[in-house]
Amino acid sequence: MIRAVSGTRDILPAEVSAWHRVESAARSLFARYGYREIRTPIFEETALFARGIGAETDIVSKEMYTFEDRDGSSLTLRPEATAGIVRSVIENNLMNTDPALKVYALGPMFRRERPQKGRYRQFHQVDVEAFGFAGPGIDAEIIEVALGYLEACGLVEVDLVLNSVGDPACRPAYVETLRAALRANLAKLGPDSQRRTETNPLRVLDSKAPEEQGLIAALPRIADHLCPACREHFGEVRRQLDLVGIRYRVDHRLVRGLDYYTRTTFEVTSGALGAQNSLLGGGRYDGLVKELGGPDLCGIGFAVGMERVIMTLPAAEGERRCDVFLMPLGAAAQDKALRLQRALRGAGVRVLLDPEGRSFKARMKLADKLGARFVAILGEDEIQKGAWTVRDMAGSAQEDVPEARVLDHLKEKIHG
Ligand code: HAM
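Predicted, not measured: the structure shown is a model, and the values here were computed from it.

## Describing unusual backbone geometry
A negative phi angle characterises most non-glycine residues, just as the trans form characterises most peptide bonds.
Part 1 of the reasoning: Positioned with a positive phi, Asn-93 is a non-glycine residue whose angle comes to about 50°.
Part 2 of the reasoning: Within the secondary structure layout, Asn-93 lies in the loop between α4 (82-91) and α5 (94-97).
Part 3 of the reasoning: The phi dihedral of Arg-256 is positive, around 70°, even though this residue is not glycine.

This is the structure we're talking about:
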């Protein structure tokens, strides 16, 4: 028996309506803010992610699904959407026609992480990116979009965490200060943090190791090392969030798992999730477009984990899968039912009948299970009368509807 690969899961028919809801919430909300959909390939050249996300990150160093193509080139299943979107923006010169470019994407991402509740190897993101906005206004707006999206999905009990990670003018000096502080305490760090002290000291701030927490809390904070421009930018983002009444907490340790961020970073978590509590994360990445060979164009965005949003939603009630269930009894009735079924479907009514012709009782049970609003019965008595018996499944009331009227009658009942 072949099973689904570890860390992948089937989205079964009963779950799909929840997916449709969160997908259509994305499309309708983002359109109100001027975002248009972009669809990029699921695999890209490996170098795109190595350069874009950063060779030292966990994602690139140990979580990518990378394979050699038949011509020897190295390809990778996308672990996130931002790098591919940036490549597409550059390759298609999208900023020439649209200097203030706002796009979103939906789709599967792949990371070889240790699977657990809320963490998969194939998962889905709703991703939002805005290019060409240098000022702090877009930072506040995009955070509003992120929270608005969760709210549109039905999630309001969430926590927003915010930080600024500086820019090339101030971060390198901070990183050195941090490295020096870590080197002075190397013996108190575990092997991962010791290694990261040299390769990427910011990552140490992310450490969850309990024995390192005291030391990390006492490390120099980036907030005290921001250059005046970054400090002013961050101050204005916060002022605008305050202005529109968005509540947040500043966390100096929020560095995020991707290297492209500059200035504002943010994450939204939910207490309703377990250890994997991050619903979405994002930030500004002003150097990435240039780093990937494009113009000096700033960018900002975020991505939502769709599985995590759906896990947090209250369970949906049973869904109605059919409006009208037809119940012909006997061969003559069956032929009339087939014609009526086709006409009703043509009129946009969701109609089913049981082509296997099971017993009356079994078919009534099936109609109930499918959530049918009406059952239309045509037996010998009805054929004699020239009328269908139409039963309203909610109140069990039934009426006789002449054959010539039954199509219009059911159409009116369903569509009003
Ligand atoms: P990220 O924080 O790596 O950011 O991922 C964003 C969200 O994707 C997470 O908050 C989480 O909900 C979901 N996610 C990540 N990994 C998994 C997983 N293994 N299983 C289930 N859900 C997961 C990014 O991907 C950036 N590209 C976001 C961004 C866009 N920054 C700027 N623009």
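Okay, back to it.
## Quick look at helix α14 (residues 360-369)
Part 1 of the reasoning: Those residues of α14 that fall on the buried side of the exposure criterion are Arg-363, Met-364 and Ala-367. The arc enclosing the buried residues of α14, seen along the axis, measures out at 100°, which places them on a common side. Exposed residues pointing more than 90 degrees away from the buried face of α14 are listed as Lys-361, Lys-365, Asp-368 and Lys-369.
Part 2 of the reasoning: Close packing links the buried residues of α14 with β12 (324-328), β14 (374-378) and β15 (387-392).

## Describing the pairing of strand β4 (residues 74-77)
Part 1 of the reasoning: Here 3 bridges tie strand β2 (residues 43-45) to β4, and the two strands are oriented antiparallel to one another. Following the sheet pairing, Glu-44 is matched in β4 by Thr-76.
Part 2 of the reasoning: Counted between consecutive antiparallel strands, the loop separating strand β3 (residues 66-68) from β4 contains 5 residues, among which Gly-72 sits at a positive phi close to 90°.

## Some points on the sheet that holds β15
Part 1 of the reasoning: Taken together, the 5 strands give an open sheet; going across it, the order is β13-β12-β14-β15-β16, and neighbouring strands pair in mixed fashion. Unpaired on one side and paired on the other, β13 (351-353) and β16 (398-402) mark the two borders of the sheet. Going across the sheet, the axis of each strand differs from the next one's by a mean of 25°, ignoring polarity.
Part 2 of the reasoning: α14 rests against β12, β14 and β15 of the sheet, and its axis sits at about 175° to β12.
Part 3 of the reasoning: Each of β12, β14, β15 and β16 is contacted by helix α16 (residues 406-415), which is oriented at about 135° to β16, the strand it contacts most.

Calculation notes
Residues numbered from 1 in each chain as written. Predicted model: local features only at pLDDT ≥ 70, side-chain atom pairs only at ≥ 80, totals over all residues. Heavy atoms only, no water. Helix = DSSP H or I, 4+ residues; strand = E, 2+ residues; numbered from the N terminus. Buried < 20%, exposed > 50% of the residue type's maximum accessible area, 1.4 Å probe, protein only. Arc of directions from axis to C-beta. Contact = heavy atoms within 4.5 Å. Pairing = 2+ DSSP bridges. Axes fitted to C-alpha atoms, helices over the stretch in contact; angles between N-to-C directions.

Honestly, that's just the spatial picture; any functional story needs more than this.
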